[in-house]
Amino acid sequence: MRPANPPRDLAHLLSQVERRVTSQLRAVLEPEGCAIEEWRVLMLLSDGAGHTMSEIADYALLPAPTLTKVVDRLVANNAVYRRVDPSDRRRVRAFLTPRGKDFYRRLAHRTEHCQAALLAASHDGRTLRELLIRLADGLSEVEVV
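Residues numbered from 1 in each chain as written. Predicted model: local features only at pLDDT ≥ 70, side-chain atom pairs only at ≥ 80, totals over all residues. Heavy atoms only, no water.

1. Side note on the environment of Leu62
Here Leu62 lies in the loop between α3 (53-60) and α4 (64-76). Residue Leu62 is classed as buried on the basis of its relative accessible area of 13%. Taking the C-alpha atoms as reference, Leu62 lies 15 Å from Ala94; in sequence the two are 32 residues apart. Setting aside anything within four residues of it in sequence, one finds Leu62 in contact with Glu37, Ala57, Leu67 and Val70. (Helix = DSSP H or I, 4+ residues; strand = E, 2+ residues; numbered from the N terminus. Buried < 20%, exposed > 50% of the residue type's maximum accessible area, 1.4 Å probe, protein only. Contact = heavy atoms within 4.5 Å.)

Below, the structure written as structure tokens:
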């Protein structure tokens with residue numbers, strides 16, 4: 001039997017929201033043949049600046065071996081290409097191909113609609129998004145032992 005009002009700590013609440021949002025986003029991306037991890041890579045690379053694998057791993061929330069597989073799939077689908085970094089030849093930067101840019105734009109339209117609907121359901125989506133950004137940024141400065 002479930003308690004009437006189970007405790008809901010911060011980690012549980014964030015996980016609950018993340019699972020629901022991810023489920024909705026997955027439903028939008030999968031018909032286009034795109035995984036959430038691939039979507040995160042496309043989002044970062046959409047700025048056109050080219051990013052190192054470590055930058056992409058940080059943004060996409062992926063360990064390096066998993067990221068390599070994700071980027072390899074995007075390269076195989078002609079959505080991403082790699083180039084040696086001209087300022088540090090030991091590094092590789094990833095960029096969107098023209099096909100990748102088109103794919104990103106098509107998906108961006110769909111994901112923006114999905115996210116707008118999800119934020120609208122919160123009654124104050126803009127404030128919620130701003131608070132989450134502040135929380136994420138602030139947590140990088142906090143070290144709790």
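2. Some points on the nonpolar core
Counting 25 residues, the largest nonpolar core has Trp39, Val41, Leu42 and Val80 as its most contacted members. Breaking this core down by element, the ones donating at least two residues are α1 (10-29), α2 (36-45), α3, α4, β3 (92-96) and α5 (98-120). It is α2 that provides the largest number of residues to this core, a total of 6 residues. Beyond its immediate sequence surroundings of up to four residues, Leu42 is in contact with Cys34, Leu74, Leu96, Phe103, Tyr104 and Leu107. (Core = buried A, V, L, I, M, F, W, Y, C linked by side-chain atoms within 4.5 Å.)

3. So, the pattern of salt bridges
Following the criterion strictly, the structure yields 10 salt bridges and no others. Across the pair Arg73 and Glu38 runs a salt bridge whose closest N-O atoms are separated by 2.9 Å. Of this pair, Arg73 sits in helix α4 while Glu38 is found in helix α2, placing the two residues 35 residues apart along the sequence. With a closest N to O distance of 2.9 Å, Arg93 and Asp85 form a salt bridge. A single salt-bridge network, built from bridges that share partners, covers Glu32, Arg106 and Arg110. (Salt bridge = Lys/Arg side-chain N within 4 Å of Asp/Glu carboxyl O.)

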